[in-house]
Amino acid sequence: MTQRAILAEDDNGDWTGRYGGEGWSVTADSRGGALERLRSKLESLLDDEDRHARIITLGEQTAAGDHTEEGFDAQFISREAYEDRMIDTMETYLDQD
């Protein structure tokens, strides 16, 4: 599953940002400010079990072809592909430390 940030500038120079699959958005006076607020908001939701359940359900619907939305994508992968992805993610994360 992939969530992508969607950013838009209005006529007043204010920026609105949201993630695909989410029902909320943030605003700021700059693109960088909107990205920072998006990051902070998403971090505040990391332990929200209801959100996790909703995103998983949305991912399943998207992978099955029953839902499409800008900035949100999901596909079913094999167990081997999942394990490879997790190993790559952990190696990348550990290399940053």
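Draft legend 1. Highlighting a nonpolar patch on the surface. A cluster of nonpolar residues, I77, Y82 and M86, forms a patch on the protein surface that exposes about 260 Å² of accessible area. Within the secondary structure layout, I77 lies in the loop between β5 (72–73) and α3 (79–96). On the basis of relative accessibility, which here comes to 35%, the residue I77 falls in the partly exposed class.

Draft legend 2. Quick peek at the confidence of the model for the protein. Averaged over the protein, the pLDDT score is 92; the fraction of residues at 70 or greater is 98%. The least confident element of the protein is α3, whose mean pLDDT is 85; the most confident is strand β4 (residues 26–28), at 98.

Draft legend 3. Structural context of the layout of surface pockets. Estimates place the volume of the largest pocket at around 250 Å³. Lining the largest pocket, in full, are M1, Q3, L42, L46, R51, H52, I55 and I56. Here the element with the most residues in the lining of the largest pocket is helix α2 (residues 49–63); it accounts for four residues. When its residues are assigned to classes, the lining of the largest pocket shows five nonpolar, two polar and one charged. What the second largest pocket holds in volume is close to 200 Å³. Lining the second largest pocket are M1, T2, D73, A74, Q75, F76, I77, Y82, R85 and M86. Among the residues forming the lining of the second largest pocket, the class breakdown is six nonpolar, two polar and two charged.

What counts as what
Residues numbered from 1 in each chain as written. Predicted model: local features only at pLDDT ≥ 70, side-chain atom pairs only at ≥ 80, totals over all residues. Heavy atoms only, no water. Patch = residues over 30% accessible without salt bridge, like charges linked within 9 Å, V, L, I, M, F, W, Y side chains within 5 Å. Areas by Shrake-Rupley, 256 points an atom, 1.4 Å probe, with all protein chains shown as cover. Salt bridge = Lys/Arg side-chain N within 4 Å of Asp/Glu carboxyl O. Helix = DSSP H or I, 4+ residues; strand = E, 2+ residues; numbered from the N terminus. Buried < 20%, exposed > 50% of the residue type's maximum accessible area, 1.4 Å probe, protein only. pLDDT = per-residue confidence, 0-100. 1 Å grid on protein atoms, 1.4 Å probe; cavity = no way out; pocket = protein on both sides within 12 Å on 5 of 7 lines; lining within 4 Å. Points joined across faces, edges and corners; volume = space filled by probe spheres on them. Nonpolar A, V, L, I, M, F, W, Y, C, P; charged D, E, K, R; others polar.

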